[in-house]
Amino acid sequence: HERARVGRRQFEQPQAMVSLPTAVLVKVVVLMDLLAASLAAPLASMNTEAPPCADVDSVLIQFVIRVAPQCFRQCPQVCRPVAEFLELVTGHADSSVLEHTGCSFEQELQCFYGEPSCKAVLVIANSILDVPETAEELRLRCADLAGNQTTSTSTTSSTT
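This one's a predicted model, so the numbers in the text were calculated from it and none came from an experiment.

Cut-offs used in this document
- Residues numbered from 1 in each chain as written.
- Predicted model: local features only at pLDDT ≥ 70, side-chain atom pairs only at ≥ 80, totals over all residues.
- Heavy atoms only, no water.
- Core = buried A, V, L, I, M, F, W, Y, C linked by side-chain atoms within 4.5 Å.
- Buried < 20%, exposed > 50% of the residue type's maximum accessible area, 1.4 Å probe, protein only.
- Helix = DSSP H or I, 4+ residues; strand = E, 2+ residues; numbered from the N terminus.
- Contact = heavy atoms within 4.5 Å.
- Expected span 1.5 Å × (residues − 1).
- Axes fitted to C-alpha atoms, helices over the stretch in contact; angles between N-to-C directions.
- Parallel < 35°, antiparallel > 145°, perpendicular 65-115°, else oblique.
- Nonpolar A, V, L, I, M, F, W, Y, C, P; charged D, E, K, R; others polar.

*Asks:* Go over the nonpolar core with me, naming the residues and quoting the values.
*Replies:* Cys53, Ile61, Phe72, Val78, Val82, Leu109 and Phe112 are the most contacted members of the largest nonpolar core, which has 31 residues in total. Elements represented by at least two residues in this core include exactly α3 (60-67), α4 (69-74), α5 (79-90), α7 (106-114), α8 (119-128) and α9 (135-159). Each residue touching valine 78, except ones within four places of it in the same chain, is listed here: Phe72, Glu108, Leu109, Cys111 and Phe112.

Now the structure itself:
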C-alpha cells in the first residue's frame, strides 16, 4: 500500500513542475488546433492569397493564424505584437511585462476589436490571459498603466 502511494507521488510530481506559462501555451496550441481542424476544409478551398504574417519570423504565430487567418489578413499590423506575446508567454514573462507590451502595441491591437473575424482569437486569448474585451477597455488599461508609471516616477523623483 505504501509503495502505491510512492509510485503515485512520483507520477504526479512532473505535472507540478510544469510552469504556468508552459501549461498556458499547451492549452493555446490544443484549443487552436481543435478550432483550426474544424475550419480546415472550408479555409483550404478559400486559400488563394499569400499566407498572413509571412514577414514575421515566428513558428508559434502559425498556430494562432490557423484559428482565424482572415483576421490576420484584415489586421496584418497585429502579427508582430502577437508573435511578441507568444515569445513572452513561452519565456515565462509575468503579467506586468505582458501589460506593458500590450500597451506598447495599443494602436496595432485596436484592429482586433473592430474586425469580426478576430473574435475567435480574442475569445481564446481571454480564456487563457486577462485580455481586454473591447478597444475601450484596452485604452483605459493602457491609460491607467501610463498614469501609474507617471505617479511612481513622480514619487521616486520627489523622494530623491
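*Asks:* Give me α5: which residues, what numbers.
*Replies:* Taking 1.5 Å of rise per residue, the twelve residues of α5 would be expected to cover 16 Å, and the 17 Å separating its terminal C-alpha atoms lies within 8% of that figure. Buried within α5 we find Cys79, Pro81, Val82, Ala83, Phe85, Leu86 and Val89. Looking one or two places after α5, you find histidine 92, whose phi comes out positive at around 70°.

*Asks:* Which residues make up the packing of helix α6 (residues 95-104) against α7, and what are the values?
*Replies:* Axis separation between α6 and α7 bottoms out at 5 Å; the angle between their running directions is 85°. Put simply, α6 runs roughly perpendicular to α7. Residues Gly102, Cys103 and Ser104 of α6 form the contact with α7, whose own contacting residues are Glu106, Glu108 and Leu109. Each residue belonging to the contact of α6 with α7 can be placed in one class, and the counts come to two nonpolar, two polar and two charged.

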